[in-house]
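Chain and residue survey
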Amino acid sequence: MKQKGHYLAKRLARTGVFFILPVLLYFIFLYWYPLFQAFEMSFKEMLPKMRMRFAGLKTYTEVFSEPLFWSSFLNTVIFTLISVTITVILALVVSISLNNLHRTGLRNVLTMFYITPTLVSLAAAALIWDWIYQPLYGLANRAFSIFGNSRLFLYLTSETQVIPSLAVINIWVRLGFSVLILLSGLQSIPETYFDAARVDGAKGLKLYWHITLPLLLPQIVVVTLLEFIFGLKVFDIVYVTTQGGPNFASHTLMLYLYNNAFRHYRPDKGAVTAVFTFVVLLAFSVFQRRLVARRRYEI
Amino acid sequence: MKALKFGLAFLLMLTVAVSLGFTGGAQEEAEKAQVEVEHWTHWCPNNEVYEPFWETAAQKFNVEHPEADFKIKLNCVPYEGYEAKYSSAFEAGMGPGLFNGMTHVWVGQYDACDPMPADIAAKLDKILVGSAKPYGVANGKRYGVPVEGGNFMMLYYSVDLFKEAGLSPDKPPTTYTELLEYSKKMTKKDAAGNLVQIGFGVRYAGHPFGIADKAAPFFNAWGAEWMNWDKKKASGYINSPDGVEALQFYGDLVQKHQVSSLELGKPSAVLSQGLGGMIFRESWLVGWMAQNAPDINYRVAPLPRQKMESGFGNNFPWAINVGKHLTEVEKKWIWEFFRWYVNTPEIRKEHYVKSNMFPPFNDILDDPTFSARPDYGTWKTMGGGRAAPTYYIPPAHEVLTKVGEAVLDVMFGKSGAQAALDKAAKEIDAILAKY
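We now turn to the structure provided with this report. (Residues numbered from 1 in each chain as written. Chains lettered and ligands numbered in written order. Predicted model: local features only at pLDDT ≥ 70, side-chain atom pairs only at ≥ 80, totals over all residues. Heavy atoms only, no water.)

**What about the overall build of chain B?**
The number of helices and strands found in chain B is 17 helices and 12 strands. With respect to the principal axes defined by its C-alpha atoms, chain B has extents near 115 × 50 × 35 Å. Each of the 435 residues in chain B was classed as buried or not, and the buried ones make up 57%. Taking the contacts inside chain B whose residues are at least 6 apart along the sequence as the reference set, 74% of them involve residues at least 24 apart. For chain B, the exposed area adds up to about 17300 Å²; of that, 55% sits on carbon and sulfur atoms. (Helix = DSSP H or I, 4+ residues; strand = E, 2+ residues; numbered from the N terminus. Buried < 20%, exposed > 50% of the residue type's maximum accessible area, 1.4 Å probe, protein only. Contact = heavy atoms within 4.5 Å. Areas by Shrake-Rupley, 256 points an atom, 1.4 Å probe, with all protein chains shown as cover.)

Right under this line is the structure:
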């Protein structure tokens, strides 16, 4: 009997392997193999006529000694911090407000409004905002002209305003997605917790602080992590609107990668940038997971 | 009996002969060469007719070559990002059959182009206008068919803004000093001090190699070169006193004199929206203006001079190239097609008349369509003048990027011309040292 059970377990395990095989192959060929190739390429240097040779850390040294690489990284971090902070806070406020609506129909309609920009392609969103931001004819400055100055802000054409302006586009696009995740988290919190807290005398903001936020933490972490990854990989909206300008003020890490790999024909430098980004994202993900694990324990 | 045998034998022979005849016909049909090549181009937005015409030309070629069923399928690639598509495809050995690109880059970096058969190259060399001869060539060998005869910067100016500023449209600036004077007269600010109309439109956005390209005429007019490919050196060339003076003048248009803006848009937008008096662009802009800004009253003049003529020359010598990775049959028919194209002036004339483009061929220039173009006189004057230095080298994009970074630094007031060009010279030296 024991032998028969063992045989069945083995057979089930074998069947399980067949079930996951397509996904496994997909990941191996479309993720792990290119990742391995990028790692390998980062230790090579490009020669004319598509030839490459092993160069050790030479390409890493070349990339890391370029001021444009570090300024691109800094721009990306600033963009990400602005985007993530505002998106998560706004998404939290919006999702709690939507969750408090008792009329389901109205809640669904408003949720749709927030989700719609997420359905727009990033390139299209960037073009829409490029028109809105146009300093001379754009909708934004036209609206601000009631304050007297027809060019109150320069948006994408100003070195200091370009990153916040791009972050606004990103927030506009991403907010709906984050709202959706947080709203589903809020709706899964059992009402009994709130009832118990109310019996203990908790009310108003205390309920949110001690019940809602701790129980919503896994969703907040997921949203933060996804937004962070999305922010760090920002490319489309920058490419369509500014191409890294003015004067490299919005040059991001992915633009640095793209320009080197495809426009300067230096895939070796592109590979180094990809590896660097991978390491940063991995470190952040691990840190975030550990933080959540600890917080869960505290809750 | 004998007659019957003879009759049967005759019938048999007839049947064999007829069936052989039919088989031969079917074989002939089967042997009709069927070749379809894809043509990748990022030029579709520049001109709505020029690239699609290749499909029509292939159909006309088939009429004269009934033994072939040759097709060209157009694939319009967005301008922004075309390099990524091309380079990925070539790296995978799956590039297009035909493609519009800069031959020196695709040969020098990717070895992606098939060399042109000698007879077609010889014919092209005979019929190409002088300024277009270097396009489509790499390492002294011809690969591609040049796209445009007026592929060099010219001065475009707004007649209306000239008149409004009290300037005569018949007397465009002939020196850069005059260009500055004229620009000052055409520049306008609003009450808050914002530039609302500028004298001269500079390129300040987009990839740095495009920014370098638009600054090139200034370096040329001051007699400065960016580098010496044979010596593999940029130091002493781009940062020479002439180079520094040229870039400082260019940067001063924005920072010191404020006759150029870093906000109003790219040069073509500035001219087409009536926001600027003068810009530099190539002859393709004539067709583009006809499509996008037909109400703007503009003229074209030769580039101003300073220490010398700016000269014709460019950084983006577009040419139609043939993929090296194709099969021998595909290559045979593509080159047969181009043999027919270069030897048929009527088809080339139709191509350029319909697309309102300036042809690179001297044997079809007699058509009044071309002499009536606003850039015809300028093309003649500049095309017959000095050849400005060109840098058709494998790492052209990387080198031009460094020049563009220096130009941006000065335009945005981040650095003086000397410091910016010293930095660029050092970086370009390091790039050139690899070759």
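**Considering the packing of helix α5 (residues 118–127) of chain B against helix α12 (residues 328–342) of chain B**
Residues and elements named next belong to chain B. Contact pair α5 / α12: the axes reach a minimum separation of 10 Å and the direction vectors enclose 30°. With respect to α12, the axis of α5 lies roughly parallel. Remark: the crossing between α5 and α12 carries left-handed chirality. Taking contact as the criterion, the partners of Asp119, Ile120, Lys123, Leu124 and Ile127 in α5 are, on α12, Trp335, Phe338, Arg339 and Val342. (Axes fitted to C-alpha atoms, helices over the stretch in contact; angles between N-to-C directions. Parallel < 35°, antiparallel > 145°, perpendicular 65-115°, else oblique. Left-handed = near helix turned anticlockwise from the far one by under 90°.)

**Side note on the sheet that holds strand β11 (residues 298–301) of chain B**
All names here are of chain B. Spatially, 5 strands are ordered β8-β9-β10-β7-β11 in an open sheet, and the strand pairing comes out mixed. Two strands close off the open sheet at either side, each with one partner strand: β8 (188–189) and β11. As judged from the 2 bridges shared by β8 and strand β9 (residues 195–200), these two strands associate in the antiparallel manner. Looking at β9, one finds that Lys188 is bridged to Gln197. (Pairing = 2+ DSSP bridges.)

**Considering the nonpolar core**
Membership of the largest hydrophobic core comes to 159 residues, with the highest contact counts inside it found for Phe70(B), Tyr250(B), Phe337(B), Phe338(B) and Met411(B). Setting aside residues up to four positions removed in sequence, Phe338(B) forms contacts with Trp54(B), Leu98(B), Ile120(B), Val145(B), Ile320(B) and Val322(B). Leu98(A), Ile181(A), Phe194(A) and Leu225(A) belong to the second-largest nonpolar core, a separate cluster that totals 26 residues. (Core = buried A, V, L, I, M, F, W, Y, C linked by side-chain atoms within 4.5 Å.)

**A few points about the pattern of salt bridges**
The final tally for this structure, using the stated rule, is 34 salt bridges over all chains. Salt-bridge contacts for Glu40(A) lead to Lys44(A); the nearest nitrogen and oxygen are separated by 3.6 Å. Take Lys44(A): its relative accessible area is 23%, and that puts it in the partly exposed class. With a shortest N-O distance of 3.2 Å, Arg339(B) and Glu336(B) are connected by a salt bridge. Note that Arg339(B) and Glu336(B) are positioned in helix α12 at a spacing of 3 residues, about one turn of the helix. (Salt bridge = Lys/Arg side-chain N within 4 Å of Asp/Glu carboxyl O.)

**Examining the state of the cysteines**
Residues and elements named next belong to chain B. One pass over the structure, following the stated rule, counts 1 disulfide over all chains. The residue that forms a disulfide with Cys44 is Cys76, at a sulfur-sulfur distance of 1.9 Å. The S-S bond linking Cys44 to Cys76 shows a torsion near -70°; that makes this disulfide left-handed. Of this pair, Cys44 sits in the loop between β1 (33–41) and α2 (53–64) while Cys76 is found in strand β2 (residues 68–76), placing the two residues 32 residues apart along the sequence. (Disulfide = S-S within 2.5 Å.)

**A short note on the environment of Val254(B)**
All names here are of chain B. Relative to the elements of secondary structure, Val254 occurs in helix α9 (residues 241–254). On a C-alpha basis, the gap between Val254 and Gly413 in space is 8.7 Å, while along the polypeptide they are 159 residues apart. In this structure Val254 touches Val202, Ser260, Leu262 and Met411, once residues within four positions along its chain are discounted.

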